[in-house]
Each structure stands twice: as C-alpha cells, then as structure tokens.
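Listed below, chain by chain, are the residues.
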Amino acid sequence: MAEAESVRIELAFEGGQIIGALVAPETADAVERALAAGSQGSIQIDTDDGRLTVVAPQVVYFKRYAREASVGFGL
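Residues numbered from 1 in each chain as written. Predicted model: local features only at pLDDT ≥ 70, side-chain atom pairs only at ≥ 80, totals over all residues. Heavy atoms only, no water.

Chemist: What am I meant to see in a nonpolar patch on the surface here?
Modeler: A cluster of nonpolar side chains, namely I18, V60 and Y61, defines an oily patch on the protein surface of about 280 Å² accessible area. Among the secondary structure elements, I18 is positioned in strand β2 (residues 18–23). (Patch = residues over 30% accessible without salt bridge, like charges linked within 9 Å, V, L, I, M, F, W, Y side chains within 5 Å. Areas by Shrake-Rupley, 256 points an atom, 1.4 Å probe, with all protein chains shown as cover. Salt bridge = Lys/Arg side-chain N within 4 Å of Asp/Glu carboxyl O. Helix = DSSP H or I, 4+ residues; strand = E, 2+ residues; numbered from the N terminus.)

Spelled out as structure tokens, the structure:
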C-alpha cells in the first residue's frame, strides 16, 4: 500500500494502551463502522506493517487523522 493512499488511525484500549497504524481508507471506514455498530467480536485490520486482530469491546476510542496531515515543515 502506497503511503499516499494510507490513512493514519489510532485505537486506544481499556488499560491505556494505544496502537497507531497506517491503513487503506476503506479499512479505516470498516473499522469505524464496526466500532460504531457496537461489534462484540474481534476486528481484523490490515495495516502497512501487517494484520492486527482487535477485540472490539476493549476499544475506548478510535481516531482517524486527516489525509493531508504530515509531520515536518511545509512550504
């Protein structure tokens, strides 16, 4: 997956752990829908670094960054 096609997401869990990942926009949409629907199972997330399996009820927040966001200095 090319970086230009990726969206950065973060998932925070009960207990305070946070995972950040780059995913396809469609994957971010699917994760957001599953969490909003109150999924009681697990969610598989394909990231740039591999596959994550997340227990949905343990997620306390989901954050999706804007595609234009970047780190560094702009011109």
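Chemist: When you look at the pairing of strand β1 (residues 7–13) in this model, what are you seeing that I'm missing?
Modeler: Residues in a regular strand point their side chains to alternate faces of the sheet. Counting buried positions along β1 gives six out of seven residues, so the element sits mostly inside the fold. Hairpin remark: β1 followed by β2, antiparallel, with four residues in the connecting loop; positive phi at G15, about 100°. With five bridges joining them, β1 and strand β5 (residues 59–64) adopt antiparallel strand pairing. Counted as the bridge partner of L11 is F62 from β5. (Buried < 20%, exposed > 50% of the residue type's maximum accessible area, 1.4 Å probe, protein only. Pairing = 2+ DSSP bridges.)

Chemist: Would you explain the nonpolar core in this entry?
Modeler: Generally speaking, soluble globular proteins have nonpolar side chains that are buried together. Among the nonpolar cores identified, the biggest contains 14 residues, and L11, V23, V31, I43, I45 and V54 are the most heavily contacted of them. Of all the secondary structure elements, the ones that give two or more residues to this core are β1, β2, α1 (25–36), β3 (42–47) and β5. With near-sequence residues (within four places) excluded, L11 lies in contact with Q17, I18, I19, V31, L35, I45, V54, V59, Y61 and F62. (Core = buried A, V, L, I, M, F, W, Y, C linked by side-chain atoms within 4.5 Å. Contact = heavy atoms within 4.5 Å.)

Chemist: Before we go on, may I ask you to explain α1 in this structure?
Modeler: Side chains that are three or four residues apart share a direction in an α-helix, a result of its 3.6 residues per turn. Along its twelve residues, α1 runs 16 Å from first to last C-alpha, staying within 8% of the 16 Å computed at 1.5 Å per residue. Looking at α1, one finds that the buried residues are P25, T27, A28, V31 and A34. Summarising the contacts, the buried residues of α1 are in contact with β1, β2, β3 and β5. Directly after α1, the chain includes G38, whose backbone phi takes a positive value near 75°. (Expected span 1.5 Å × (residues − 1).)

Chemist: Looking at this structure, I do not really get the side chain of S6. What am I missing?
Modeler: Within the fold, S6 resides in the segment before β1. Among the polar contacts made by the side chain of S6, one reaches the side chain of D48 at a distance of 3.3 Å. (Polar contact = N/O pair within 3.5 Å; in protein donor to acceptor, adjacent residues only side chain to side chain.)

Chemist: Looking at this structure, how should I read the pattern of salt bridges?
Modeler: Two side chains that carry opposite charge are able to pair once their charged atoms sit near each other. Within the structure shown, the criterion is met by three salt bridges. We note a salt bridge from E32 to R64, for which the minimum N-O separation is 3.8 Å. In this pair, E32 sits in helix α1 while R64 sits in strand β5, placing the two residues 32 residues apart along the sequence. Salt-bridge contacts for R51 lead to D46; the nearest nitrogen and oxygen are separated by 2.8 Å. One network of salt bridges, in which partners are shared, links D29, E32 and R64.

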